[in-house]
Amino acid sequence: GKSQGPNRDECPPSILCRDCRAKNSTPECGPYTFQKDFELDSPCAVVRLHVEYVKATNHTNIYDDEVKQILIKMLHLFEIEQKHYQNSEYYYKPIPFKSNDNTGLIWSFARPSDDQQVYGFNIPNNMVVVVALDDIALIATKYYHDDYLAQRAQNLAHQIRKALAHHGIINFLGKKQK
């Protein structure tokens, strides 16, 4: 049969989520928690969905206070997970290899496929995060007129771009790839 996500059969039911069976994980289930295997692509998809919806419909009223609070929490989450082992309370399942927190990249438990990562700092996922952060900066400026939120998103995107250039480009046959 099809996989229903990592550890699906190892979890006891939760009052808030009848299908959730996650043992000893944080954060607890809540109204915005679907599955506890933190993946970077999931919050980025929410941002992309909003951007594409506005492009297709010109309905900008979706950018209300609730969406702004979600974007702020998302940015805060990215900032925490950039130093996962130092700052994060997230725990789902033991990680086979403890990565270095000083990469400048954002940590993630799982790949977009829901498979657990061996190394927490996934290059393609971090590239997607940069696009989402650029979108957040644009949304913050254009719809919320919030320069502080826009600057936070731009600063984090800059840090990740720098880390991608350092850690995501390899030497091949003695030449640095561009």
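Before any of the text, the structure's been laid out above.
Just so we're clear, the structure is a prediction, and the values are computed from it rather than from any experiment.

Peer 1: What is the right way to look at the overall build of the protein chain in this model?
Peer 2: Scanning the protein chain for helices and strands turns up five helices and two strands. Along the protein chain, helices and strands appear, N-terminal first, in the series α-α-α-α-α-β-β. For the protein chain, the proportion of contacts with a sequence separation of at least 24, taken over those separated by at least 6, is 51%. As displayed, the protein chain has an accessible area near 11200 Å², and 55% of this comes from carbon and sulfur atoms.

Peer 1: Quick question: what am I supposed to make of the packing of aromatic side chains here?
Peer 2: Ring pairs (aromatic) are described by centroid distance and by the angle formed between their planes. Using the criterion set out here, one finds two aromatic pairs in the structure. When the ring of tyrosine 63 is compared with that of tyrosine 143, the centres are 4.5 Å apart and the planes differ by 25°; the resulting orientation is stacked. Of this pair, tyrosine 63 sits in the loop between α1 (41–57) and α2 (65–81) while tyrosine 143 sits in the loop between α4 (123–142) and α5 (147–167), and the two are 80 residues apart along the sequence. What links up through ring pairs into an aromatic cluster is the set Tyr63, Tyr143 and Tyr144.

Peer 1: I'm lost on the packing of α1 against α2 in this one. Help?
Peer 2: Two measures define how a pair of helices packs: the angle their axes make with one another and the distance between the axes. Relative to each other, α1 and α2 sit at 145°, their axes nearing to 11 Å. Of the two possible hands of crossing, α1 and α2 adopt the one that is left-handed. Where α1 approaches α2, its residues Pro43, Cys44, Val46, Val47 and His50 are matched on the opposing element by Val67, Leu71, Met74 and Phe78. Considering only residue class, the contact of α1 with α2 consists of eight nonpolar, one polar and no charged.

Peer 1: Even after reading the chapter, I still don't get unusual backbone geometry, so can you show me in this structure?
Peer 2: In terms of backbone geometry, most residues other than glycine have negative phi values and most peptide bonds are trans. Phi angles above zero are rare outside glycine, and asparagine 58 is one such case at about 60°. Mapped onto the fold, asparagine 58 is located in the loop between α1 and α2. Of note in this structure, histidine 145 is not a glycine but carries a positive phi near 50°. Here histidine 145 shows up in the loop between α4 and α5. You can call histidine 145 exposed: its relative accessible area is 65%.

Peer 1: What is the right way to look at the nonpolar core in this model?
Peer 2: Most often, soluble globular proteins have nonpolar side chains that are buried together. Counting 36 residues, the largest nonpolar core has Val47, Phe78, Val129, Leu133 and Ile160 as its most contacted members. Counting residues per element, the ones that place at least two in this core are α1, α2, α4 and α5. Excluding anything up to four places from it in sequence, phenylalanine 78 contacts Leu40, Pro43, Cys44, Ile106, Val129, Leu133 and Leu156.

Peer 1: Where do I start with empty space enclosed by the protein in this structure?
Peer 2: Gaps left between atoms are located by rolling a probe of water-molecule size over the structure's atoms. Within the structure shown, the criterion is met by two cavities of 30 Å³ or more. Lining the second largest cavity, in full, are Val46, Val47, His50, Tyr63, Val67, Ile70, Leu71 and Ile139. Within the residue set of the lining of the second largest cavity, elements represented by two or more residues are α1 and α2. Across the lining of the second largest cavity, the residue classes break down as seven nonpolar, one polar and no charged.

Criteria and cut-off values
- Residues numbered from 1 in each chain as written.
- Predicted model: local features only at pLDDT ≥ 70, side-chain atom pairs only at ≥ 80, totals over all residues.
- Heavy atoms only, no water.
- Helix = DSSP H or I, 4+ residues; strand = E, 2+ residues; numbered from the N terminus.
- Contact = heavy atoms within 4.5 Å.
- Areas by Shrake-Rupley, 256 points an atom, 1.4 Å probe, with all protein chains shown as cover.
- Phe/Tyr/Trp six-rings, centres within 6.5 Å; stacked < 30°, edge-to-face > 60°.
- Axes fitted to C-alpha atoms, helices over the stretch in contact; angles between N-to-C directions.
- Left-handed = near helix turned anticlockwise from the far one by under 90°.
- Nonpolar A, V, L, I, M, F, W, Y, C, P; charged D, E, K, R; others polar.
- Buried < 20%, exposed > 50% of the residue type's maximum accessible area, 1.4 Å probe, protein only.
- Core = buried A, V, L, I, M, F, W, Y, C linked by side-chain atoms within 4.5 Å.
- 1 Å grid on protein atoms, 1.4 Å probe; cavity = no way out; pocket = protein on both sides within 12 Å on 5 of 7 lines; lining within 4 Å.
- Points joined across faces, edges and corners; volume = space filled by probe spheres on them.

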